[in-house]
Amino acid sequence: MEKLIRFQMLNSRSRYKLFNNKFSKVGNLHLSTAFRSSKLSQPKKTQKCSSKNEEETSSMASLFNQITEILGVGNITPDETPSAISILNPTYVRDVGFNQESPSGMQAVCRNAEESVLMKKEENLSVSDDVKRGNGVEFDVSPVVHEITQIVRDEHSVVSMEERLENSGIRCEPGIVEKVLKRCFKVPHLALRFFKWVKEREGFCHNTETYNTMLYIAGESKNFWLVEELLEEMEEKSCNKDIKTWTLLISQYGKAKLMGKALSMFEEMRRYGIEPDAAAYKMIISSLCNAKNCELALEFFKEMVQKEIALDLTMCKRLLNCLARSGNSVAVHSVAEDMTRVFQIPEREVYDHVLRSFCISGRIKEALEIIRDLKNKELSLNPGYFEILVKGLCKADRMTDALEIVDIMKRRQLVTSDVYGILISGYLRRNDLSKALDLFKSMKESGYFPTTSTYTELMQWLFRLNQYQKGCELYNEMLDNGIEPDIVAITAIIAGHVQQNHISEAWKVFESMEEKGIRPTWKSYSVFIKELCKVERTGEILKVLNKMQASKVPIRDEVFHWVMSCMERKGEMNNVEKVKQMQRILTSHSQVGEASGNNIASGEDPSLELNHNHPEIERTDCNLIEPFLRNYSEHDLQQVCRILSSPMNWCPMQEALEKCSVQFTPELVLEILRKCSLQGKAALLFFSWIGKQAGYQHTTETYNMAIKIAGCGKDFKHMRNLFYEMRRRGCSITPDTWAIMIMQYGRTGLTEIALRTFSEMKSNGHTPTASAYKYLIISLCGKKGRKADEAIKLFQEMIQAGQIPDKELLEIYLSCLCEVGKLVEARSCTDSLSKVGYTIPLSYSLYVRALCQAGRLEDALEMIDNVETERSTLEHYVCGSVVHGLLQKGRLEEALAKVGSMKKTGICPTVHVYTSLIAHFFKGKQIERALEIFEKMKQEGCQPTVVTYSALIQGYMNMGKVAEAWDVLHQMKMKGPVPDFKTYSMFIGCLCKVGQSEEAMKLLSEMQENGIVPSTVNYRVVFFGLNREGKQDLAKIVLQQKSALRSKRKLLI
């Protein structure tokens, strides 16, 4: 009873925090670092701290010596219980009828992760619940189920689904309906239409099973408003909720990280008179572990122990891992004791799991203490303990200690190929290839055959270091030894062949996969394509793309981007068009399939997100500089970044760089520049210094990044100098180089220079890319330096050149045209989009959104009324924008009516709609209604965005509630989403208006600490605010900070 009361008190406290505190979080625990390797150097702040570290190191050394003695002489008993098989009493374990969680680990071979998840869901939902319950009823594959399913899923038929179902004359029974719904889980909007249609049939009544299926589908599509509606409907219809109903609700809310709702469902289940079973506990504990709330997860576990309900072994291990990561070793031992005492798991097996948990979490001291406990309890050692300990030591970079354990294993004849593989991986993690190869040679001489993964890791490192021949020899050796390569090994050798331009050999290996029965994954295809892009073998790239398409392997946008960038560099515009055509076809198929269903069912507008002004142009250029495949050490990267980010002047920085033993490659330099882009001056000095080092030569990509950094710091003279230097050194100037310069001029309002650069690009024989057109048009549409006529001319030129504008460009371009009153041109643009692959609803939704943002609501409504083709789909897409437009005009009742009509058609209001309502109520001084909307959106599973929280901050400030505004900002920093540039800028302006410019001044420093560069306007607002408040000394400091930032970002002052 004590445990139960304690649990209820804790649960009540948790629920209070979740529901009554509007900005609370569910126990995000910070992982402690109770023990760190003595090999890691730590800053010595005080003599006391140094002394403490020495004591810990001494204690650790003593403990390790004890353990080596134990391992050297302790009794060993072979492990006879397979660790992968749960030995718990199966009568306690109950399945739920749906797959509530994905496996904790997935193999990286033979199929990619997306396919695996999809196949698992389809399998789970195509097998009858009756079979899972053990009733022996086979899945109904009757023609009736097939016929109904075909009608429901055929959404492109001229005749509506409802009419076709009416005409079919099929009589639906709950069992048939349940099975049809399961087959429609990928198209939730169609499943919902069928669910509603059949509900209206005379004599039909949904039962618990059909409601459960629909609840699952709604939860999977994150439509929690529909989940709540279905639950209310069950109450109205007096339809009983069974244990499965509550369990899947707990699961769906838990997977969506809505822990407050998950806990609420668990408690409500009890009030409903249903006692939680093993499956329900499993779901809540799993969700809490995923949320890192191990304290509450432990309470539920203890309650299970009290009730003698067994938790399966997988969940026990998950709880142990969660507790070990949190540093709560006492709780780990408590759970282990319960596993042995209550669940009757053999003590040696429990110790195996505990030891593994500590090692996975990097807690070596606690892991060693487990070995000592085994000795004290006079339990024989499991051979697996040695391997687990070696893996943990290697992961903690304690290679010397790991080798000492392996020496003991050798004496006791416990060493296996896997143990050698762990050591080799440890050396490679330290970038010590020579020791890894020496150990590899030693293991073979000792008669151990390396595993496939060991061969693969070594091959990958050799190829990265351009030791192609050695890598190939390893692969051939693996085959000669009869070791079958897996998909990862095959992909590695393909990449190695392509890097050396041995394309025919790469194809031979690739085609050998089919002979071995291995299906190429998305990852293997993408690596193949990326390497081909590097050597610019466009013909081969097209061949791989065609193979992907024929094999029905999804081709992601990033792959298309690599390919088109490569072809544009070679000037193969015909091939670019072929690839774009393939992308359009695949995108349209995707829209017809799952994407359209998910968007409409969730009420999400695929083209409409609340526009928090336009996105920073600086954030949209990430694709202009193509990333390399990583072939450098993370340690080297961090070491150099620490030097460049330090407050030192350049001379000591240069000395530190010359002392560090880093092998600089273009890939490493590119990543250093990317990471240190905010330290513009230091990054550019580093770029200049490394370019003069023997054996190193800059590439197009590193020059492009340096040009971008100079432009971001408004150091346009140096940006041009880098461009000329690039040309002098014979480095290939690509269309992306021009696009970066155009973008940097344009984002600061220098549209005339951007236009001249664009003309210069064409006069130099470079065909403008979609990116070059995009950034120039965006700059011409901006408020600063706006030139709408030039933008129209360039947009038409872009379309005639066969370049396809993306959604971001269209949003900005159409908004500009609507704002300046050029509606004829905007309509013409909208009409032309269907010719380049955009659907009619998507095209017109972009136009409607632009009209609403420009305050032309009546024009927008007239436009919707005049659309005949696919009008219902368009209305789904634009409802958020229309609501926003109505609220801007003060037409609240019409906006609320629109929201109500959305709900009636099964569409959940989007974050766009909720945020618009919050902003409107704050503007009308109705703070209670604004906060009520905020709470409601969270309860319905609609996650607030940075725009929503910004609206709260601005609303509070306008109401004079400064403390509450600060609370929101602090909550954003703690829980997310993190404040962005616009949030900080808005808050700074609000604070200065109410005479708190000194607080606004602190935000300028905070922005830089969070990697956000304050603008000139930010400094100006604070400067004038401080002067108004009579704080001239602080105002001078602001000017000094602005000058220091300018100096930090510019090379030429």
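In this text the structure is predicted, and so the values were computed from the model without any measurement.

A.B. asks: Would you explain helix H31 (residues 634-645) in this entry?
C.D. replies: Since the α-helix advances by 3.6 residues per turn, residues separated by three or four positions end up pointing in the same direction. Along its 12 residues, H31 runs 16 Å from first to last C-alpha, staying within 8% of the 16 Å computed at 1.5 Å per residue. Buried within H31 we find Asp636, Leu637, Val640, Cys641, Ile643 and Leu644. The arc that holds the buried residues of H31, viewed along the axis, is 160°, so those residues lie on one side. Pointing more than 90 degrees away from the buried face of H31 are the exposed residues His635 and Arg642.

A.B. asks: What's the story with the nonpolar core in this structure? I'm lost.
C.D. replies: Nonpolar side chains in soluble globular proteins tend to end up buried together. Phe194, Ile284 and Ile529 are the most contacted members of the largest nonpolar core, which totals 171 residues. Not counting chain neighbours up to four residues away, the residues in contact with isoleucine 284 comprise Ile250, Met259, Ala262, Leu263, Phe266 and Phe300.

A.B. asks: Just to check I follow, could you spell out the environment of alanine 951 for this structure?
C.D. replies: On the secondary structure map, alanine 951 appears in helix H49 (residues 946-958). Taking relative accessible area as the criterion, alanine 951 reaches 13% and is therefore assigned buried. A C-alpha to C-alpha distance of 10.0 Å links alanine 951 and leucine 917, two positions 34 residues apart in sequence. Excluding anything up to four places from it in sequence, alanine 951 contacts Thr915, Ala919 and Phe922.

A.B. asks: What am I meant to see in the packing of helix H28 (residues 538-550) against helix H29 (residues 557-570) here?
C.D. replies: Two measures define how a pair of helices packs: the angle their axes make with one another and the distance between the axes. Where H28 contacts H29, the axes come no closer than 11 Å and their chain directions differ by 155°. With respect to their mutual orientation, H28 and H29 come out roughly antiparallel. In this structure, the crossing between H28 and H29 has a hand that is left-handed. Taken together, the residues of H29 that come into contact with H28 (itself represented by Thr538, Ile541, Leu542 and Leu545) are Val559, Val563, Cys566, Met567 and Lys570.

A.B. asks: Teacher, can you tell me more about unusual backbone geometry here?
C.D. replies: One can expect most non-glycine residues to show negative phi and most peptide bonds to be in trans. Phi is positive for serine 238, close to 55°, though the residue is something other than glycine. Tracing the chain through its elements places serine 238 in the loop between helix H10 (224-236) and helix H11 (243-255). Note on serine 238: relative accessible area 63%, which makes it exposed. The backbone of lysine 925 shows a phi angle near 60°, a positive value even though the residue is not glycine.

A.B. asks: Explain the side chain of lysine 302 to me, please; I cannot follow it from the model alone.
C.D. replies: Tracing the sequence through the fold places lysine 302 in helix H14 (residues 294-307). Those residues in contact with lysine 302 that sit more than four places away from it in its chain are Ser334 and Asp338.

A.B. asks: Help me out: how do you make sense of the confidence of the model for the chain in this one?
C.D. replies: Close inspection of predicted coordinates is inappropriate in any region flagged by low pLDDT. When the pLDDT values of the chain are averaged, the result is 76; 79% of them are 70 or greater. Every residue in residues 79-141 scores below 50 in pLDDT, and together they form 115 contacts with partners more than four places removed in sequence or on other chains. For residues 588-623, every residue scores under 50 in pLDDT, and the model assigns this stretch 88 contacts once sequence neighbours within four places are set aside.

A.B. asks: Which parts of the structure should I look at to understand the pattern of salt bridges?
C.D. replies: In this structure the tally under the stated criterion is 33 salt bridges. Lysine 261 serves as the salt-bridge partner of glutamate 228, at 2.9 Å between the closest nitrogen and oxygen. Of this pair, glutamate 228 sits in helix H10 while lysine 261 sits in helix H12 (residues 259-271), and the two are 33 residues apart along the sequence. Residue lysine 302 pairs with aspartate 338 through a salt bridge whose shortest N-O separation is 2.6 Å. Here lysine 302 is found in helix H14, whereas its partner aspartate 338 is found in helix H16 (residues 329-341), with 36 residues between them in sequence. Residues joined in a network through salt bridges with shared partners are Arg270, Glu275, Glu303 and Lys307.

The rules behind these values
Residues numbered from 1 in each chain as written. Predicted model: local features only at pLDDT ≥ 70, side-chain atom pairs only at ≥ 80, totals over all residues. Heavy atoms only, no water. Helix = DSSP H or I, 4+ residues; strand = E, 2+ residues; numbered from the N terminus. Expected span 1.5 Å × (residues − 1). Buried < 20%, exposed > 50% of the residue type's maximum accessible area, 1.4 Å probe, protein only. Arc of directions from axis to C-beta. Core = buried A, V, L, I, M, F, W, Y, C linked by side-chain atoms within 4.5 Å. Contact = heavy atoms within 4.5 Å. Axes fitted to C-alpha atoms, helices over the stretch in contact; angles between N-to-C directions. Parallel < 35°, antiparallel > 145°, perpendicular 65-115°, else oblique. Left-handed = near helix turned anticlockwise from the far one by under 90°. pLDDT = per-residue confidence, 0-100. Salt bridge = Lys/Arg side-chain N within 4 Å of Asp/Glu carboxyl O.

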